[in-house]
Structures are given as C-alpha cells and as structure tokens.
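Results of the structural survey
Below, each chain spelled out in residue letters.
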Amino acid sequence: VIDTLLANKPNKWMLIAIAGSNKANEGQLEIVFKRSKSYEVLSNLAGNPKTPAHILEALFKDHKDEVCENTKIPRKLVSKITQAKKLSKKIQESCCFLARNPALSDKKDQLMLAKMMSNPENLFLNPNLHGEVFEYLWISGVTEWAGHFADSKNFRKKHAMMMLASDDMMIRAAVVGSRYA
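Since the structure is predicted, the reported quantities are computational estimates derived from the model, not experimental observations.

1. What about the packing of helix H3 (residues 26–35) against helix H4 (residues 39–47)?
To describe two helices that pack against each other, one gives the angle between their axes and the distance between the axes. The geometry of H3 relative to H4 is characterised by a closest axis approach of 10 Å and an angle of 150 degrees between their N-to-C directions. One element, H3, and the other, H4, form an angle in the roughly antiparallel class. Of the two possible hands of crossing, H3 and H4 adopt the one that is left-handed. Contacts from Leu29, Val32 and Phe33 of H3 reach H4 at Val41, Leu42 and Leu45.

Written as structure tokens, this is what we have:
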C-alpha cells in the first residue's frame, strides 16, 4: 500500500502519515525524506524508529527532541551529547527525552548526563537506568521521580533500603509496590 501511495505522488498529509508509520520500511522513509521538507513530515521521520541513521543525523539539528526520544537514536548522536563540555539550553531540553529513552543504556553515558543535565531526575524514567547512576543521583540529592526506579530491571534490594529511608512517602510507597516489598 505504501509503495502504491508513494508512486502516485502523495500529498503532504499522506507523507506525514507514511513518515510516522511503523509499517513503512527504510527505503520508503528515504523516499519521503527526499520528497518533503515539511516540518510535520520531518518531525514524524525523526521520531520513527525505522528511519535510517543518516536521516536521523540530518534531522537532529532541527528536530532534537524527536530524535532524542527515538529508541533507535544513532550512537554517534548520543556520544555527541554526552561528550559535550557544556550543554546549550536547547540541548538541555532535548536531554530530558534522551534521559528517558531506553536506548540510553550505557552506564557511562547515563552518568555523564546525570552530571551535566539541569533536570537529571528524568533519568529515573529510563527503564535501563543503572543502579550506580541511581546511587549517584540519590547521593547528589536528586530524588524527585526516584520512585520510578523501583520498576527498573536494575532495581536491587540495596536501592529499596535507600528509598525506604526517605522522608518522601511516595518514594517509600514505590518500594512497597516493588519486588522487594
């Protein structure tokens, strides 16, 4: 169906739909990228996990949030962000999306973001957050949203004990709902 639509010179709305479709393949997404420079089309391409890496890299400048939220964000872009000496305000905002992204699974990258971000609590929403990064955040006094770590595959009994010592009832309640209750 998508090939037929692309062969018949689709309008902007069809291109928007194809760009965001999980049914579209890389070749079809390449065609959409070449045919349209519409903000909506490019935004959907930036968020589509099937979009080829080189297109995501090209879209990063103008669609940082969507690319940072994409579960297939190229490693090169993650490194570009985590290796920066200082994060601009716009990158800080986009880092919130990257911090939550399960694709950010490298402990070193998570720790770099934890140290550089103005809102590192977003890392607690990452299902692949490493225990050592949780501990760094906790010891640094970053506890807002910490209860979400109780759902992480890396949540351990020592983390449960740390959280149970909190004055925050919501954090303690998260432990009660965890596998260490």
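2. Some remarks on the pattern of salt bridges
Evaluation of the coordinates by the stated rule reveals 6 salt bridges. In this structure, Lys12 and Glu40 form a salt bridge, with 3.5 Å as the shortest nitrogen-oxygen distance. Residue Lys12 is located in helix H2 (residues 12–19), and its partner Glu40 is located in helix H4; the two are separated by 28 residues in the primary sequence. A relative accessible area of 36% means that Lys12 is categorised as partly exposed. On the accessibility criterion, Glu40 (36% relative accessible area) is partly exposed. Here Glu132 ties to Lys107 by a salt bridge, and the two come within 3.4 Å at their closest N and O atoms. Residue Glu132 is found in helix H10 (residues 131–139), and its partner Lys107 is found in helix H9 (residues 107–116); the two are separated by 25 residues along the sequence. By relative accessible area, which is 34% here, Lys107 ends up partly exposed.

Procedures and definitions
Residues numbered from 1 in each chain as written. Predicted model: local features only at pLDDT ≥ 70, side-chain atom pairs only at ≥ 80, totals over all residues. Heavy atoms only, no water. Axes fitted to C-alpha atoms, helices over the stretch in contact; angles between N-to-C directions. Helix = DSSP H or I, 4+ residues; strand = E, 2+ residues; numbered from the N terminus. Parallel < 35°, antiparallel > 145°, perpendicular 65-115°, else oblique. Left-handed = near helix turned anticlockwise from the far one by under 90°. Contact = heavy atoms within 4.5 Å. Salt bridge = Lys/Arg side-chain N within 4 Å of Asp/Glu carboxyl O. Buried < 20%, exposed > 50% of the residue type's maximum accessible area, 1.4 Å probe, protein only.

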